[in-house]
Amino acid sequence: MEAMDHVARIQAEWARERPDVDVSPQGVIGRLHRLGLLLTERLCLVYGRYGLGEGDFDVLAALRRAGAPFERAPGELAVHTMVTTGAMTKRIDRLERAGLVTRRRSAADGRGRVVALTPAGRDLIDQAFTEHMRNERSLLDGLTPEEAAQLEALLTTWLARVEPPPPAA
């Protein structure tokens, strides 16, 4: 018999203490939550090697994915990284002080601002992203390719049912 994992032990305790409550959802939600924490910890190790936090990496990656000239409006960055505009301003300030991004007035709208990667920011995110993908690969190596594909399909379906639809363009 396999040893019970942390989540199974919690479920057993709740089943003993509250047999009137169905604790089966904890089997999925509890494990996803624990896995999410463990994955975030492992992902942040790579970001840290480049002097970045998770949010910094997200901003630089969103700018890099934009394609040349590697720039976006701050509000657009906030949407792409799912943070408030206030949190985005703090991230941009920190990245600008580090010489990884610049801010300027928008040519299309003189009132608006544009955030752009500097050459140093582009070099850094390219290096960090390459290592990040190697890290993600190593994290998935515990699954067979078939298991990874099944998990991706299930998570895609579930996320589509839980996540609010994106705002209309």
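Attention in this report is confined to the structure presented alongside it.

### Topic: the packing of helix H1 (residues 6-17) against helix H2 (residues 25-49)
Packed helices, taken two at a time, are described by their axes: the angle between them and the distance between them.
Part 1 of the reasoning: The contact between H1 and H2 brings their axes to 9 Å, and the two run at 140°. Judged on the interaxial angle alone, H2 and H1 are oblique. Here the hand of the crossing between H1 and H2 comes out right-handed. Here His-6, Val-7, Ala-8, Ile-10, Gln-11 and Trp-14 of H1 come into contact with H2, specifically with Gln-26, Gly-27, Gly-30, Arg-31 and Arg-34.

### Notes on the nonpolar core
Part 1 of the reasoning: Of all hydrophobic cores here, the largest spans 24 residues; its most connected members are Leu-52, Leu-60, Leu-77 and Val-101.
Part 2 of the reasoning: Taken together, the elements giving at least two residues each to this core come down to H2, helix H3 (54-65), helix H4 (74-81), helix H5 (85-97), strand S3 (113-117) and helix H6 (119-140).
Part 3 of the reasoning: The element best represented in this core is H3, accounting for six residues.
Part 4 of the reasoning: Once residues lying within four places of it in the same chain are set aside, the contact partners of Val-101 are Leu-60, Leu-63, Ile-92, Leu-95, Glu-96, Val-115, Ala-116, Leu-117 and Thr-118.

### Examining the packing of aromatic side chains
For any pair of aromatic rings, the description consists of the separation of the ring centres together with the inter-plane angle of the planes.
Part 1 of the reasoning: Going through the model one piece at a time under the given rule, you end up with one aromatic pair.
Part 2 of the reasoning: Ring centres of Tyr-47 and Phe-57 lie 4.4 Å apart, and the angle between their planes is 25°; this geometry places the pair in the stacked category. Placement of the pair is Tyr-47 in helix H2 and Phe-57 in helix H3, with a sequence separation of 10 residues. Like Tyr-47, the residue Phe-57 is buried in the burial classification.

### Overview of unusual backbone geometry
Part 1 of the reasoning: Here the amide bond leading from Ala-68 into Pro-69 is cis, since omega sits at 10°, within 30 degrees of zero.
Part 2 of the reasoning: Note on placement: Pro-69 falls in the loop between H3 and strand S1 (71-72).
Part 3 of the reasoning: One non-glycine residue, Phe-70, lies in positive phi territory at about 60°.
Part 4 of the reasoning: Within the secondary structure layout, Phe-70 lies in the loop between H3 and S1.
Part 5 of the reasoning: The class for Phe-70 is buried, based on a relative accessible area of 12%.

### Re the pattern of salt bridges
Part 1 of the reasoning: A complete count under the given rule lists 11 salt bridges for this structure.
Part 2 of the reasoning: Among the ionic pairs, Asp-20 bridges to Arg-18, the shortest N-O distance being 2.7 Å.
Part 3 of the reasoning: Look at Arg-18 and you get partly exposed, because its relative accessible area is 38%.
Part 4 of the reasoning: When the shortest N-O distance is used, the salt bridge between Glu-131 and Arg-49 registers 2.1 Å. With a gap of 82 residues between them, Glu-131 in helix H6 and Arg-49 in helix H2 connect regions that are remote in the sequence.
Part 5 of the reasoning: What emerges from the salt-bridge pattern is a single network uniting Arg-64, Arg-122 and Asp-126.

About the cut-offs
- Residue positions within a chain follow its written sequence, with the count starting from 1.
- Local features in this predicted model are restricted to residues whose pLDDT is 70 or higher, and side-chain atom pairs enter the listing and the counts only when it is 80 or higher, whereas totals over whole chains, interfaces and linings include all residues.
- Each side-chain value is derived from all of the structure's non-hydrogen atoms; neither hydrogens nor water enter the calculation.
- Only the stretch in contact is used when fitting a helix axis, every axis being a line fitted to C-alpha atoms; angles between N-to-C directions are given from 0 to 180 degrees.
- We count a stretch as a helix when DSSP gives it H or I for four or more residues in a row; a strand needs E for two or more, and each element gets its number in order from the N terminus.
- Roughly parallel means an angle under 35 degrees; roughly antiparallel, over 145; roughly perpendicular, 65 to 115; everything else is oblique.
- Each crossing gets its handedness from the near helix: less than a right angle anticlockwise from the far helix is left-handed, clockwise is right-handed.
- We call two residues contacting when some pair of their heavy atoms lies within 4.5 Å.
- Take the buried residues of types Ala, Val, Leu, Ile, Met, Phe, Trp, Tyr and Cys, join any two whose side-chain atoms come within 4.5 Å, and each joined set is a nonpolar core.
- A simple rule labels every residue: compare its accessible area, found with a 1.4 Å probe on the protein chains alone, to the largest value its type can have, and call it buried under 20%, exposed over 50%, or partly exposed in between.
- Only Phe, Tyr and Trp rings are paired, with Trp represented by its six-membered ring, and only when their centres lie within 6.5 Å; those with planes under 30 degrees apart are stacked, over 60 edge-to-face, the remainder tilted.
- The working definition used for a salt bridge is a side-chain nitrogen of Lys or Arg within 4 Å of a carboxyl oxygen of Asp or Glu.

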